[in-house]
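Spelled out from the first residue to the last, the chains are:
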Amino acid sequence: MERLERCGRWLRARLASGQVRRRLPWLLLAIVLVGSALKDNDLVPQTPMQNKRNPLNVYFVKVAWAWTLWLLLPFMAVTTYQFAKSKFRYGPTKSVLLVLRRLSALLVGTAIWYVCTGLFLYIENLTGSCSIPGGGSELHQPPTTKQECHRGSGVWIGFDISGHCFLLSYCALLIMEEVAVLEGLATEQNSKLRVVIDGLFVSLCLLTVIWVFMFLCTALYFHDFSQKLLGVLIGLAAWYGTYRFWYLKPLSPGLPLPNVPLSSKKYSYSR
């Protein structure tokens with residue numbers, strides 16, 4: 001428990017200045033540019049990470065949104081409730097309503113994930129064609145979708161926007177925005193609540209490291225440059241459009257750090 005608290009305190013100190021949040025978008029863009037340049041010039045070493053069946057890809061990236069939701073949901077609920085009670089002196093009912101409002105940001109994120117992944121698949125189907133070994137004489141007509149192509153043991157060749165670059169960048173940025181609430185949240189040391197929050201916080205930071213590392217692996221080993229660049233730009237646009245624009249408005253889930261008078265419905269960051 002003491003080690004967990006020290007780790008949480010160390011991570012809080014690193015995140016308190018907000019530099020990680022400000023620099024992460026630029027880091028992700030730099031990774032795509034440098035990683036793609038290394039890949040295109042055959043300067044990438046052979047490692048197990050170029051195999052799509054590696055454990056991190058199979059057990060984490062393939063279900064990245066589920067991992068992000070699983071850790072962010074309790075973290076946002078606990079910290080928002082505690083923040084409402086300690087900072088604003090809200091009662092239980094009002095605190096719960098604020099928690100529900102903040103948790104709706106995860107519904108927004110889920111909708112963004114669902115729409116974007118569906119759009120990527122639609123574009124790939126629209127721009128692609130199926131290449132079947134041996135000419136595909138066993139098929140009566142050429143497959144028109146990626147799924148049909150794979151069922152016929154073919155390879156679908158289309159414009160495949162990198163879903164990994166989109167989702168991993170969006171998840172990493174989303175986590176960094178939400179853990180910023182700890183900059184203004186005070187809890188008693190050695191309390192059960194502090195242990196829960198520190199445990200979730202350290203887990204979210206570790207998850208973010210995994211997302212950025214796998215983002216790097218994607219940039220080094222998979223997709224064309226344009227596919228990766230478009231993927232990360234869409235991820236950045238989703239983050240910017242919500243946390244830097246919509247969530248500043250009254251009719252929105254709001255930001256993690258409301259620091260304005262109770263009479264105001266607007267939210268802003270302590271940057």
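About the cut-offs
- Residues numbered from 1 in each chain as written.
- Predicted model: local features only at pLDDT ≥ 70, side-chain atom pairs only at ≥ 80, totals over all residues.
- Heavy atoms only, no water.
- Axes fitted to C-alpha atoms, helices over the stretch in contact; angles between N-to-C directions.
- Helix = DSSP H or I, 4+ residues; strand = E, 2+ residues; numbered from the N terminus.
- Parallel < 35°, antiparallel > 145°, perpendicular 65-115°, else oblique.
- Contact = heavy atoms within 4.5 Å.
- Nonpolar A, V, L, I, M, F, W, Y, C, P; charged D, E, K, R; others polar.
- UniProt positions renumbered as here; feature names shortened; annotations may be inferred.
- Phe/Tyr/Trp six-rings, centres within 6.5 Å; stacked < 30°, edge-to-face > 60°.
- Disulfide = S-S within 2.5 Å.
- Buried < 20%, exposed > 50% of the residue type's maximum accessible area, 1.4 Å probe, protein only.

Engineer: Pulling in residues and values, what's your account of the packing of helix 5 (residues 92-127) against helix 7 (residues 163-178)?
Structural biologist: The N-to-C vectors of helix 5 and helix 7 enclose an angle of 170°; their axes lie 11 Å apart at closest approach. Here helix 5 lies roughly antiparallel to helix 7, going by the angle between them. On helix 7, the residues touching R102, G109, I112, W113, C116 and F120 of helix 5 are G163, F166, L167, Y170 and E178. Looking at the contact of helix 5 with helix 7 residue by residue, the classes come out as seven nonpolar, two polar and two charged.

Engineer: Please set out the UniProt feature "transmembrane region" (unreviewed entry) in the chain residue by residue, giving values where relevant.
Structural biologist: When the UniProt feature table is mapped onto this chain numbering, "transmembrane region" (unreviewed entry) sits at residues 63-84, 105-123, 200-222 and 229-247. As annotated, residues 200-222 comprises 96% helix and 0% strand, and the C-alpha atoms at either end are separated by 31 Å. Overall, residues 229-247 shows 79% helix and 0% strand. The separation of its end C-alpha atoms is 25 Å.

Engineer: Describe in detail the packing of aromatic side chains, supporting the description with residues and values.
Structural biologist: One pass over the structure, following the stated rule, counts nine aromatic pairs. With centroids separated by 4.7 Å and ring planes inclined at 15°, the aromatic side chains of F60 and W67 adopt a geometry described as stacked. Seen from their ring centres, F166 and Y170 are 6.2 Å apart, and the 5° between their planes marks the pair as stacked. Residue F166 and its partner Y170 are both found in helix 7; the two are separated by four residues, about one turn of the helix. These aromatic residues form a ring-pair network of at least three members: W65, F120, F166 and Y170.

Engineer: If you had to explain the packing of helix 2 (residues 19-40) against helix 7 to someone new, which residues and values would you point to?
Structural biologist: Axis separation between helix 2 and helix 7 bottoms out at 10 Å; the angle between their running directions is 175°. In terms of axis orientation, helix 2 runs roughly antiparallel to helix 7. Where helix 2 abuts helix 7, its residues V20, R21, L24, P25 and L28 lie against S169, A172, L173, M176 and E177. A breakdown of the residues in the contact of helix 2 with helix 7 according to their chemical character gives seven nonpolar, one polar and two charged.

Engineer: I'd love a proper account of the state of the cysteines, names of residues and values included.
Structural biologist: Going through the model one piece at a time under the given rule, you end up with one disulfide. The disulfide bridge from C130 ends at C149, spanning 2.0 Å between sulfur atoms. Taking the torsion about the S-S bond as the criterion, the C130 to C149 disulfide, at about 75°, is right-handed. Of this pair, C130 sits in strand 1 (residues 129-131) while C149 sits in helix 6 (residues 146-151), and the two are 19 residues apart along the sequence. According to the relative accessible area criterion, C130 is partly exposed, its value standing at 22%. Among the residues examined, C149 registers a relative accessible area of 0% and is labelled buried. Between C205, a cysteine without a disulfide, and C7, which holds the nearest cysteine sulfur, the sulfur-to-sulfur distance is 7.8 Å.

Engineer: Any chance you could break down unusual backbone geometry for me, citing the residues and the numbers?
Structural biologist: In this structure, D42 takes a positive phi of about 55° despite not being glycine. On the secondary structure map, D42 appears in the loop between helix 2 and helix 3 (55-59). Positive phi, close to 65°, is recorded for H223, a residue that is not glycine. Secondary-structure assignment places H223 in the loop between helix 8 (192-221) and helix 9 (225-243). On the basis of relative accessibility, which here comes to 22%, the residue H223 falls in the partly exposed class.

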